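Observations on the model geometry
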Amino acid sequence: SSGINAEYGGCTETRFYLVCTGIGMAFSLILLNRGLLLEKSGPGVLMRNFDMVTAFLIQVFLFEEPVELLSIGGSILIFLAVAVVTLDKLFFSRKIKRCIF
């Protein structure tokens, strides 16, 4: 028979979720691009980089995956790197004429 379900073993539900995830991510990137055009790029990029940390937390708490020391170290490293770059951009990259306070 020429049915798709017979050929792939009935994984149409999995494909549906993959297609929906792809469409959602494409829509998310379009909105991110539009947001970066309208506002300063610092906060947008900061939130985009925290996606990796959020994905790690979802993996641990929702899917109850085992936590590895390397994963914790990588998540902390990403968080610290993004925080340092953000603080540098916010406070130390301003012109001398402009007062922070």
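Values in this document were obtained by computation on a predicted structure and should not be read as measured data. (Residues numbered from 1 in each chain as written. Predicted model: local features only at pLDDT ≥ 70, side-chain atom pairs only at ≥ 80, totals over all residues. Heavy atoms only, no water.)

**Looking at helix α4 (residues 69-92)**
What sets the pattern is the α-helix's 3.6 residues per turn: residues three or four places apart point alike. Counted only if it meets this: Each helix corresponds to a stretch of at least 4 residues labelled H or I by DSSP, and each strand to a stretch of at least 2 residues labelled E; elements are numbered beginning at the N terminus. A helix is expected to span 1.5 Å for every residue after the first. Here the term buried applies to any residue with accessible area under 20% of the maximum for its type, exposed to any over 50%, and partly exposed to those in between, with areas from a 1.4 Å probe on protein chains only. Working rule for contacts: check all heavy atoms of both residues, and any pair within 4.5 Å makes them a contact.
Taking 1.5 Å of rise per residue, the 24 residues of α4 would be expected to cover 34 Å, and the 33 Å separating its terminal C-alpha atoms lies within 8% of that figure. Among all positions of α4, only S75, V82 and T86 are buried. Packing partners of the buried residues in α4 comprise α3 (41-61).

**A look at unusual backbone geometry**
The phi torsion at E64 lies on the positive side, around 55°, for a residue other than glycine. Residue placement: E64 occurs in the loop between α3 and α4. Of the residues examined, E64 reaches a relative accessible area of 67% and is grouped as exposed.

**As for a nonpolar patch on the surface**
The test is simple: In this analysis, a patch consists of residues with relative accessible area above 30% that form no salt bridge, clustered at 9 Å for like charges and at 5 Å for the nonpolar side chains Val, Leu, Ile, Met, Phe, Trp and Tyr. Only the protein chains shown count as covering a residue, and every accessible area follows the Shrake-Rupley method with a 1.4 Å probe. We define a salt bridge as a side-chain nitrogen of Lys or Arg found within 4 Å of a carboxyl oxygen belonging to Asp or Glu.
On the surface, a cluster of nonpolar side chains totalling about 430 Å² of accessible area is made up of V67, I72, I76, F79 and L80. L80 sits in the partly exposed class, given a relative accessible area of 48%.

**Section: the packing of aromatic side chains**
Two aromatic rings, taken as a pair, are described by how far apart their centres are and by the angle between their planes. Selection criterion: Pairing of aromatic side chains requires ring centres within 6.5 Å, counting the rings of Phe and Tyr and the six-membered ring of Trp. Pairs whose planes differ by under 30 degrees are stacked, by over 60 edge-to-face, and all others tilted.
In total, this model carries one aromatic pair according to the counting rule given. Aromatic pair F16 and Y17: ring centres 5.7 Å apart, planes at 55°, arrangement tilted. We classify Y17 as partly exposed; its relative accessible area is 48%.

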